[in-house]
Amino acid sequence: MNTFNVSGRKLLVVAMSAALLTGFAGCEDPRWVANKVSKAIKEKNLVDHLEAMEIAAVPTPDGSSTTRAAGTEGYANSADYIKATLEANGYDVTFQPFDFRSWSEQDGTTLSVNGQALVHVRDATDDIPADYAAMSYSGGSDGALNADIAFVTPDFDFESPDYDDTDGCEAADFDGVDVTGKVAVIQRGGCTFNAKVVNAENAGAVGAIVFNQGNNDGRKAVVNGTLGSDSEAGIPAFGARYDLGKAWYDLAQSNAVAAALNIGVEDEVVVTQNLLAETKKGNPDQIVMLGAHLDSVQEGPGINDNGSGSAGILEYAIRLEKKMRQLPVNQKNKVRFAWWAAEEAGLVGSNYYTEEVLGGYYNDAQAQIMEEEGVTDPADLTAAQRELVDARYLEINPIKMYLNFDMIGSPNYVFGVMDGDLSDTKDSPDNAYPGDFEPPEGTSHIEGLFNEFFTDKDESTVPQALSKRSDYSGFADWGIAFGGLFTGAEQIKSAEEAEQFGGDVDVAYDKCYHQACDDLNNVSNKALRVNSKALAYVATFYAMSDDLYADGREDEPEQRTLLRSLSVQESSNQHSIGQKIKSASREVSDHGHFHGDFDQDRE
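Within each chain, residues carry numbers counting from 1 in the order of the written sequence. Residues qualify for local features only when their pLDDT is at least 70, as the model is predicted, and side-chain atom pairs are given and counted only at 80 or more; totals for whole chains, interfaces and linings, by contrast, use all residues. Only hydrogens and water are set aside; all other atoms, that is, all heavy atoms of the structure, feed into the side-chain values.

**Q** I keep staring at the overall build of the protein and nothing clicks. Help me out?
**A** To qualify as a helix, a DSSP run of H or I must reach at least 4 residues; to qualify as a strand, a run of E must reach at least 2; elements of each kind are numbered from the N terminus. The number of helices and strands found in the protein is 13 helices and 18 strands. Burial status follows relative accessibility: with a 1.4 Å probe on protein chains alone, a residue under 20% of its type maximum counts as buried, one over 50% as exposed, and anything between as partly exposed. Here the protein holds 603 residues, and the buried ones make up 55% of them. Working rule for contacts: check all heavy atoms of both residues, and any pair within 4.5 Å makes them a contact. The long-range share in the protein, meaning contacts at least 24 apart out of those at least 6 apart in sequence, stands at 80%. Per-residue and other accessible areas were derived by the Shrake-Rupley procedure at a 1.4 Å probe size, with only the shown protein chains allowed to occlude residues. Roughly 24,900 Å² of accessible area belongs to the protein as shown, and the carbon and sulfur atoms make up 47% of that amount.

What follows is the structure, given as structure tokens:
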């Protein structure tokens with residue numbers, strides 16, 4: 001006869017119920033929770049967000065595509081969609097408005113030199129290379145403009161110990177050079193494009209062409225530059241290939257060389273905004289922050305760049321909120337989400353945020369130390385006192401890390417993880433950090449945790465150099481640990497990478513990068529899904545960790561561990577908190593992201 005112990009079964013049910021109410025051992029493991037949230041990310045929901053962003057885009061001025069660029073109705077529509085979706089899922093949403101100089105090149109730009117019509121980057125093909133590009137924040141020509149060209153102080157003797165790469169950087173470079181009423185042609189190098197163009201304009205030039213420097217293979221293609229949103233230049237400004245500039249120079253030694261150009265621009269100051277939200281649960285003094293830029297370039301709707309990152313963190317915000325209500329766990333740390341405006345104009349939105357928010361914490365820390373030390377003028381702070389300021393700033397600043405997601409669905413993708421300890425990319429030309437600089441404490445741990453996720457999924461990863469050409473740049477400058485994912489842009493996939501990830505050899509990771517065809521057909525759903533799960537895993541791990549960079553896994557492989565640094569700055573090449581480090585050049589960086597290159601970061 002079968003028997004059944006009712007009382008024993010009842011005790012087991014009671015015990016299980018109590019465990020669910022109070023939490024059992026597995027629930028307190030950050031990895032257990034991270035896995036639960038990560039698995040909740042669904043591909044269909046991610047694609048739904050991308051479809052909404054494509055719908056949000058509006059026609060470009062020339063009608064050739066659609067756009068979600070900052071300052072356009074397309075961006076505003078995108079922000080409205082993010083806001084409505086977040087609010088429907090229990091979040092309070094904050095806009096951070098700021099003035100933004102919205103600039104766009106109108107249809108019909110032309111440039112000819114010595115009677116040769118040059119190829120605009122917009123019109124280039126695989127068979128017809130580009131000759132020139134208009135510089136962002138260039139002035140307009142107000143119709144057709146015809147003028148002779150005049151060179152300033154070019155230097156082609158690259159091997160000479162006296163080689164001078166500062167053509168046009170000083171007003172004195174124009175002494176004795178007649179550029180009045182002419183188009184100044186200036187060699188790249190030594191200072192910002194803006195300085196060269198403004199100096200040319202002040203010397204009487206009616207236009208400027210900056211041709212590439214030519215001193216190495218990386219400086220021969222079209223200069224795709226920007227004067228910067230604070231430029232006061234009013235003349236047309238273009239970038240050109242090195243060999244064109246050299247050919248014009250040789251011809252000009254014996255002949256007058258004329259240029260004909262036409263460029264129309266729309267240039268106005270508008271108000272745009274970053275969009276911010278955070279979880280209601282978690283320690284407000286220990287914030288895990290994620291961000292993605294929401295704007296596209298003017299040329300297209302930007303569904304991979306960067307609808308993909310925007311969709312990834314939006315879906316994560318939704319799933320995190322739902323899981324925190326369902327699971328028997330207590331969220332340890334707040335999670336803050338940011339969708340940045342005007343990244344494509346030069347990281348404008350994220351830099352505005354870091355200057356205002358992180359700069360504010362630094363000013364508070366400095367005021368506290370000055371009061372404690374009896375110092376009245378910041379200039380009188382000693383080196384030791386400045387170290388106290390840095391330490392106080394890191395103590396009072398609640399933002400403990402920043403995770404960046406810019407292009408996580410490239411169609412010919414790799415799984416790129418930012419190289420937080422620079423162990424693999426230190427000597428890469430794409431690395432912005434000089435000498436023996438060490439990124440902020442925790443950056444290496446973030447890299448290890450991302451690699452842990454991909455390894456557990458039997459996926460390979462490629463270490464990405466820290467180029468500072470995306471929105472983590474300002475956080476890095478302010479001493480915040482950072483990390484993130486990237487699936488590739490305009491550079492081409494190698495045979496080795498194709499063997500690891502599949503896809504096409506010698507084809508760009510994203511052949512529609514910064515083009516009109518960056519639409520829904522330009523996304524790998526697998527890359528988008530896997531990366532979104534990865535970001536959910538890593539962010540949730542930190543959201544559930546009392547000690548952010550403690551490990552907690554006894555069997556962790558040695559290469560994943562982090563020996564936590566005893567101080568923030570022990571490198572002999574010290575970086576002062578708040579000091580801006582120049583980004584890697586666009587020509588060597590696949591983190592080109594924002595439109596154009598300053599050539600040197602502005603002060």
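Structure's up, so let's keep going.
**Q** Hey, could you run me through the state of the cysteines in this one?
**A** Each disulfide consists of a covalent bond between the sulfur atoms of two cysteine residues. When two cysteine sulfur atoms lie within 2.5 Å, the pair is treated as a disulfide. All told, the structure shown has 2 disulfides when counted by the stated rule. The disulfide bridge from Cys169 ends at Cys191, spanning 2.1 Å between sulfur atoms. Taking the sign of the S-S torsion, -95° for the link of Cys169 and Cys191, the bridge is left-handed. One end of the pair, Cys169, is in the loop between strand S7 (145–151) and strand S8 (183–187); the other, Cys191, is in the loop between S8 and helix H5 (193–202), and 22 residues separate them in sequence. The two residues Cys169 and Cys191 agree in class, both being buried. Note that Cys512 is cross-linked by a disulfide to Cys517, the S-S spacing being 2.1 Å.

**Q** Mind showing me how you'd approach the pairing of S8 here?
**A** Each regular strand shows side chains that alternate between the opposite faces of the sheet. Taken across its 5 residues, S8 has 5 buried, putting it largely inside the fold. Residues Val183, Val185 and Gln187 of S8 are buried on one face, and the alternating residues Ala184 and Ile186, pointing to the opposite face, are buried as well. Pairing between S7 and S8: 3 bridges, direction parallel. Bridging across to S8, Ile149 finds its partner in Val183. Paired strands, as defined in this entry, are two strands with at least two bridges between them according to DSSP. Summarising the sheet, S8 and strand S9 (residues 207–211) pair through 5 bridges and their orientation is parallel. Of the residues in S9, the one forming a bridge with Val183 is Gly207. Between the parallel elements S8 and S9, the chain passes through H5 in a crossover that is right-handed. Assignment of crossover handedness uses the view with strands pointing away from the viewer, where a clockwise path from the first strand over the helix to the second indicates a right-handed crossover.

**Q** When you look at H5 in this model, what are you seeing that I'm missing?
**A** Since one α-helical turn is 3.6 residues long, residues separated by three or four positions face the same way. The set of residues buried in H5 consists of Phe193, Asn194, Lys196, Val197, Asn199 and Ala200. In the core, the buried residues of H5 are packed alongside S8, S9 and strand S10 (237–240). Positive backbone phi, at 105°, marks Gly204, one or two positions downstream of H5.

**Q** Is there a simple way to explain unusual backbone geometry in this structure?
**A** Only a minority of non-glycine residues have a phi that is not negative, and only a minority of peptide bonds are not trans. The omega torsion of the bond from Asp305 to Asn306 falls at 5°, within 30 degrees of zero and hence cis. Its identity as a non-glycine residue notwithstanding, Ala342 has a phi of 60°, on the positive side. Inspection of the secondary structure puts Ala342 in the loop between strand S14 (333–340) and helix H8 (348–373). Of the residues examined, Ala342 reaches a relative accessible area of 0% and is grouped as buried. A positive phi is found at Met407, a non-glycine position, where the angle reads about 70°. By the secondary structure assignment, Met407 is in the loop between strand S15 (399–405) and strand S16 (416–418).

**Q** Would you explain the pattern of salt bridges in this entry?
**A** Any two side chains of opposite charge can pair, given that their charged atoms come close. Take a side-chain nitrogen of Lys or Arg and a carboxyl oxygen of Asp or Glu: if they are within 4 Å of each other, that pair is a salt bridge. Under the criterion given, the structure shown has 22 salt bridges. The closest approach of N and O atoms between Lys332 and Glu28, which form a salt bridge, is 3.5 Å. One end of the pair, Lys332, is in the loop between helix H7 (303–326) and S14; the other, Glu28, is in the loop between helix H1 (6–22) and helix H2 (30–39), with 304 residues separating them in the sequence. Three or more residues are tied together by salt bridges with common partners; here these are Glu28, Lys332 and Asp546.

**Q** Looking at this model, I keep getting lost on the sheet that holds strand S4 (residues 110–113). Mind explaining?
**A** Two pairing modes exist for strands in a sheet, parallel and antiparallel, and in both the strands are linked by backbone hydrogen bonds. Strand order in this open sheet of 8 strands is S5-S4-S11-S7-S8-S9-S10-S6, and the pairing throughout is mixed. Strands at the two margins of the open sheet, each flanked by one partner only, are strand S5 (116–117) and strand S6 (132–134). In the sheet, S7 pairs with strand S11 (residues 258–262) via 4 bridges, with the strands oriented antiparallel. Residue pairing for S11: Ala147 is matched across the bridge by Ala259.

**Q** Is there a simple way to think about helix H9 (residues 383–396) in this case?
**A** If you check H9, its first and last C-alpha atoms are 20 Å apart, about what 14 residues at 1.5 Å a residue would give, namely 20 Å. Regarding H9, the residues found buried are Gln385, Val389, Asp390, Arg392 and Tyr393. Viewed end-on, H9 has its buried residues packed into an arc of 165°, placing them on one side of the element. Pointing more than 90 degrees away from the buried face of H9 are the exposed residues Ala383, Ala384, Glu387 and Glu395. In this structure, the buried side of H9 is in contact with H8. What a helix should span is 1.5 Å times the count of its residues minus one. Summarising the geometry, the arc corresponds to the directions from the helix axis toward the C-beta atoms.

**Q** Would you mind going over the sheet that holds S16 with me for this structure?
**A** The strand order S3-S12-S14-S13-S15-S18-S16-S17 describes an open sheet built from 8 strands, whose pairing is mixed. Each edge of the open sheet carries a strand with a single partner, namely strand S3 (93–105) and strand S17 (462–464). On average, adjacent strands in this sheet sit at an angle of 20° to one another, irrespective of strand direction. Note: strand S12 (residues 265–278) against S14, 4 bridges, orientation antiparallel. Among the inter-strand pairings, Leu275 is bridged to a residue of S14, identified as Trp339. Every axis in this analysis is a line fitted to C-alpha atoms, fitted for helices over the stretch in contact. Angles between the N-to-C directions lie between 0 and 180 degrees.

**Q** Is there a simple way to think about the packing of aromatic side chains in this case?
**A** Centre-to-centre distance and the angle between the planes together describe a pair of aromatic rings. Each aromatic pair joins two rings of Phe, Tyr and Trp (for Trp, the six-membered one) with centres within 6.5 Å, and gets the label stacked for planes under 30 degrees apart, edge-to-face for over 60, and tilted for any other angle. One pass over the structure, following the stated rule, counts 33 aromatic pairs. Ring geometry for Tyr542 and Tyr549: centres 5.8 Å apart, planes at 70°, overall edge-to-face. As far as burial versus exposure is concerned, Tyr542 and Tyr549 are alike and both buried. What links up through ring pairs into an aromatic cluster is the set Phe151, Phe156, Phe158, Tyr163, Phe211, Tyr242 and Tyr249. The ring of Phe156 is capped by Lys246, whose NZ or CZ atom sits 5.1 Å from the centre of that ring. Think of it as a cone above the ring: NZ of Lys or CZ of Arg counts as a charge over the ring if it is within 6 Å of the ring centre and within 35 degrees of the ring normal.

**Q** Mind showing me how you'd approach the side chain of Asn194 here?
**A** Here Asn194 is to be found in helix H5. Between N or O atoms, a polar contact is any pair within 3.5 Å; within protein, one atom must be a potential hydrogen donor and the other a potential acceptor, and residues adjacent in sequence are included only when both atoms are from side chains. At a separation of 2.4 Å, a polar atom in the side chain of Asn194 contacts the side chain of Ser231. Apart from the residues lying within four places of it in its own chain, the contact partners of Asn194 are Leu227, Ser231, Glu232 and Ala233.

**Q** Mind showing me how you'd approach the packing of helix H3 (residues 43–56) against helix H13 (residues 525–543) here?
**A** In a packed pair of helices, the relevant descriptors are the angle between the two axes and the axis-to-axis distance. Contact pair H3 / H13: the axes reach a minimum separation of 10 Å and the direction vectors enclose 110°. Between H3 and H13, the crossing angle belongs to the class labelled roughly perpendicular. Crossing hand, H3 versus H13: right-handed. Contacts between H3 and H13 pair Glu43, Leu46, Val47 and Leu50 from the former with Asn525, Leu528, Arg529 and Ser532 from the latter. When the residues that make up the contact of H3 with H13 are grouped by side-chain class, the tally is 4 nonpolar, 2 polar and 2 charged. By definition in this entry, angles of less than 35 degrees are roughly parallel, angles greater than 145 are roughly antiparallel, angles of 65 to 115 are roughly perpendicular, and the rest are oblique. Left-handed describes a crossing in which the near helix is turned anticlockwise from the far one by less than a right angle; the clockwise case is right-handed. Residues are grouped as follows: Ala, Val, Leu, Ile, Met, Phe, Trp, Tyr, Cys and Pro are nonpolar; Asp, Glu, Lys and Arg are charged; every other residue, Gly included, is polar.

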